[in-house]
Amino acid sequence: MADVRKSVPENAAGEFFVDSTCIDCDTCRQLAPAVFAQAAQYSYVRAQPQSGADVRAAARALLACPVGSIGTRNRADVKSVMADFPIQIEGPVYYCGFAAPGSYGASSYFIRHPAGNWLVDSPRTVSHLLRHFEQMGAIRYIFLTHRDDVAQAAEFAHRFGARRIIHRRDLDAQPGAEIVIDGDAPVRIAPEFKVIPTPGHSPGHCVLLFRDRYLFTGDHVWWRADERRLGASRWACWDSWEDQIASMRRLVEERFEWVLPGHGGRIWLAESEMRREVASLARRMRA
Ligand code: SF4
């Protein structure tokens, strides 16, 4: 629970605050950009929410924060907002919220599918989410983009009898995974789901392409709202920048319209524009 005595100095006066335990995971800034902003290496309340929509967004951020760094001075009711999660992004794709500290607050996603639902990376195993996933038809597959974002995947797998998917080169982070991807060639796990190895950030990093529309990208690529273009980070590349560039170049061959990352912004672009963006990013990474 956030401690008002540790409130960071940049917070705008008012109900919501961020305390000094923030790990700068970006979740709150994605969920409520009008309320939260980034200071040096943490978030703060840039402006107290005024509209009902912004209050709701701030409450969602409070619940999603992986380390409980967001608080309210007068204990505003945020519990009613819990029912918003998982939040529908588009069609069968949902953002789970309840980011896990074990994945450094990475975003995780839920895909509703008639042949069995998918979880992409792992949120916290809060009872609210478990109940909702149950009501939405449980989970058949858990796709793990890479070693850093496995969080509580094993608990979800145990609870729902789900099959975890991870690349062999990151298997030591989830040794009990039921489906192991080998090599660098794309693998179709089910008719509408293709796993594409994208080594670089980690040796076994993979992305998941669903319906040639939704690309779940882990820490390989994300949208930079400040620059209005796709981005990738050499600073946060833990294994091989050369491999990550090559992985980005291979993505130019794929068709998709959504980028749904672990960290950073989500974005929809028309397919042709997305292809240009990916090619442009690959060129910039090389440069
Ligand atoms: S969600 Fe929490 S940990 Fe993440 S940036 Fe916001 S306040 Fe910090």
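Fair warning: this is a prediction, and the values are worked out from it, not measured in the lab.

Peer 1: Before we move on, could you go through the domain arrangement of the protein and cite the residues and values that matter?
Peer 2: When the domains of the protein are assigned, the result is domain 1 (4-82) and domain 2 (85-286). Computed from C-alpha atoms alone, the centre-to-centre distance between domain 1 and domain 2 is 26 Å. Counting from both sides, the interface comprises 15 residues of domain 1 and, opposite them, 16 residues of domain 2. Overall, the association of domain 1 and domain 2 removes approximately 1,200 Å² of surface from exposure, summing both partners, and the carbon and sulfur fraction of that is 57%.

Peer 1: Lay out helix H4 (residues 153-160) with the relevant residues and their values.
Peer 2: Turning to H4, its buried residues number three or more, namely Ala153, Phe156, Ala157 and Phe160. Buried residues of H4, seen end-on, are gathered within an arc of 100° and therefore sit on one face of the element. The elements touched by buried residues of H4 are strand S8 (118-120), helix H3 (127-135), strand S9 (141-143) and strand S10 (163-167). Of the residues flanking the end of H4, it is Gly161, one or two places downstream, whose phi is positive at about 65°.

Peer 1: Please give an account of the environment of Phe216 that cites residues and values.
Peer 2: Inspection of the secondary structure assignment puts Phe216 in strand S15 (residues 214-218). Since its relative accessible area comes to 0%, Phe216 is described here as buried. Note: C-alpha distance between Phe216 and Val259 (43 residues apart in sequence) is 6.2 Å.

Peer 1: Could you give me a rundown of empty space enclosed by the protein, with the residues and numbers involved?
Peer 2: In total, this model carries two cavities of 30 Å³ or more according to the counting rule given. Taken as a whole, the largest cavity spans an internal volume of roughly 100 Å³. Around the largest cavity, the lining comprises 16 residues; the ones closest to its centre are Cys22, Cys25, Cys28, Cys65 and Ile70. Broken down by element, the residue count for the lining of the largest cavity peaks at three residues, all from helix H1 (residues 27-31). A per-class count over the lining of the largest cavity returns ten nonpolar, three polar and three charged. Within this model, the second largest cavity holds a volume of roughly 40 Å³. Around the second largest cavity, the lining residues are Cys25, Asp26, Thr27, Gln30, Gly105, Ser107, Gly262, His263 and Gly264. For the lining of the second largest cavity, the per-class residue count stands at one nonpolar, seven polar and one charged.

Scoring rules and cut-offs
- Residues numbered from 1 in each chain as written.
- Predicted model: local features only at pLDDT ≥ 70, side-chain atom pairs only at ≥ 80, totals over all residues.
- Heavy atoms only, no water.
- Domains from an automatic or database assignment.
- Contact = heavy atoms within 4.5 Å.
- Buried area = accessible area lost by both parts, 1.4 Å probe.
- Buried < 20%, exposed > 50% of the residue type's maximum accessible area, 1.4 Å probe, protein only.
- Helix = DSSP H or I, 4+ residues; strand = E, 2+ residues; numbered from the N terminus.
- Arc of directions from axis to C-beta.
- 1 Å grid on protein atoms, 1.4 Å probe; cavity = no way out; pocket = protein on both sides within 12 Å on 5 of 7 lines; lining within 4 Å.
- Points joined across faces, edges and corners; volume = space filled by probe spheres on them.
- Nonpolar A, V, L, I, M, F, W, Y, C, P; charged D, E, K, R; others polar.

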